[in-house]
Amino acid sequence: MPVCFPNFVEKKMNYKGKKMRSWQMDAIGQDQLELRDVDIPQAGQGEVLVKVAAVALNYRDKMIIETGRGLALNFPFTPGSDLAGTVVALGYGVTSLVIGDRVISTASPDWIDGIRPGNARSPFYRTLGGYYLGVLSEYIVLPEAWFVKAPSSLNNAQASTLPVAGLTAWFALAERAHVCAGDTVLIPSTGGVALFGLQIAKAHGAETIVCGSAKNEKRTKELGADHYVNKDRDDWMEVVLNITNDRGVDVVLEVIGGANLGRSVELTAVGGRICQIGALDGFDLLAPAMPLMLKDITIHGIGTGSRRGLENLIRAVDRTGLKPVIETTYLLADLPLALDHLAKGAFGKIVIELE
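Chemist: Just checking my understanding: could you explain the environment of D334 for this structure?
Modeler: One can find D334 in the loop between strand 14 (326–331) and helix 11 (335–344). The exposure class of D334 is partly exposed, given its relative accessible area of 28%.

Chemist: I tried to follow the sheet that holds strand 9 (residues 207–212) on my own but got confused; where do I start?
Modeler: Consider a sheet: its strands pair through backbone hydrogen bonds, and that pairing is either parallel or antiparallel. If you trace the 6 strands from one edge of the open sheet to the other, you get 10-9-8-11-12-13, paired in parallel fashion. Looking at strand neighbours, the two that pair on one side only are strand 10 (227–230) and strand 13 (298–301), the edges of this open sheet. Ignoring strand direction, the axes of neighbouring strands in this sheet form an average angle of 20°. With 4 bridges connecting them, strand 9 and strand 10 associate as parallel partners. Across the sheet, the residue bridging to G212 is N230, located in strand 10. Along the sheet face, helix 7 (residues 236–243) touches strand 8 (184–187), strand 9, strand 10 and strand 11 (249–254) and points at about 160° away from the line of strand 10.

Chemist: Any chance you could explain the side chain of N216 here in plain terms?
Modeler: Looking at where N216 falls in the secondary structure, it is placed in the loop between strand 9 and helix 6 (217–222). Only 3.2 Å separates the side chain of N216 from the side chain of T190, close enough to count as a polar contact.

Chemist: What is the right way to look at the packing of aromatic side chains in this model?
Modeler: Pairs of aromatic rings are described using the distance from one ring centre to the other and the angle between the two planes. Summed over the entire model, instances satisfying the criterion amount to 4 aromatic pairs. Taken together, Y131, Y132 and W146 form an aromatic cluster joined through their ring pairs. Lying over the aromatic face of F347, R219 brings its terminal NZ or CZ to 4.1 Å of the ring centre. Above the plane of the ring of W236 lies K231, whose end atom (NZ or CZ) is 4.5 Å from the centre.

Chemist: Got a minute to help me understand the nonpolar core in this structure?
Modeler: The nonpolar side chains of a soluble globular protein tend to be buried with one another. Within the largest apolar cluster, 45 residues are counted, with the highest numbers of intra-cluster contacts made by I104, L162, L173, V185, L253 and L310. Looking at this core, the elements with two or more residues in it are helix 4 (162–176), strand 8, helix 5 (192–203), strand 11 and helix 10 (307–320). A per-element tally of this core places helix 4 first, with 9 residues. Non-local contacts of V185, meaning those with residues more than four positions away in its chain, are made with L173, V179, A201, A206, E207, T208, I209 and V251. Core analysis: the next-biggest nonpolar cluster, separate from the first, contains 35 residues, Y132, L136, I140 and F147 among them.

Cut-offs used in this document
- Residues numbered from 1 in each chain as written.
- Predicted model: local features only at pLDDT ≥ 70, side-chain atom pairs only at ≥ 80, totals over all residues.
- Heavy atoms only, no water.
- Helix = DSSP H or I, 4+ residues; strand = E, 2+ residues; numbered from the N terminus.
- Buried < 20%, exposed > 50% of the residue type's maximum accessible area, 1.4 Å probe, protein only.
- Pairing = 2+ DSSP bridges.
- Axes fitted to C-alpha atoms, helices over the stretch in contact; angles between N-to-C directions.
- Contact = heavy atoms within 4.5 Å.
- Polar contact = N/O pair within 3.5 Å; in protein donor to acceptor, adjacent residues only side chain to side chain.
- Phe/Tyr/Trp six-rings, centres within 6.5 Å; stacked < 30°, edge-to-face > 60°.
- Lys NZ or Arg CZ within 6 Å of the ring centre and 35° of its normal.
- Core = buried A, V, L, I, M, F, W, Y, C linked by side-chain atoms within 4.5 Å.

Pasting the structure below:
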């Protein structure tokens, strides 16, 4: 017989039949987004009801809204994967969380530890705001194992940036490339993943070279970048090589993709590592084979990371004082404006605040 939790009964009755706002769409396209009033969901066995405080946007969210990104979306579809919030109701049998816990989502909830599930034909890609329900709502019900406790050192807006951007940078640098003191890390962007990568690399004692537009140099150096290279210079690759005395960089956080992978290969040291993450320049990668082979370069394909990796990142955040970079926040009703901002690029993250 299931155990009845008094708090669960009380909270469930409080929310039953009440309404919340939720972004939903019945077809592909940003113009299909509607902010609707819907019933607050009820927590079933093994589930928790979370009051959403903040949702961090990823470029992936915009791509899914506009194109579906090849996924079989279930309509009405709610986008978004990265939330921070507070547990307000418990389903029967929940043991790892209590009412009042601050939590963040696990964007790839089926990937617990080790290598990603799946096989050669079908690598696993079941994420929130894609295969599963998205989180751009005032309340969300999910299994308790799909949440982890938020870092105590971050507010809700900051914590919401960890599930994809923070974890992707952490998983690439700390758990795949194993960056360490003495390494030189190249970061060719100043977006959300890139700035997490900068701070994570510095926390591991690495030297960092960031490439971006001239307007972002001051802010990037304030975050700890050792070198900043204006990407608009025709000779920016020569500048990077000169910084390393022609040795090249040990690790590249490749967040651009496309033909930029080839540039990363040219700049990587013998025995170096490239973490291929982004596809801003296209999903078809292009790189010269000869330097790739002669320099014995390892390329890691990075698609976020595991739940265990997220827990490792959370501990590191609390112990090192790392603070996510948020360019601006928007209200829930202003999601279309936030998506337009995302398309233009941002220094760090864009967050939807619901509190």
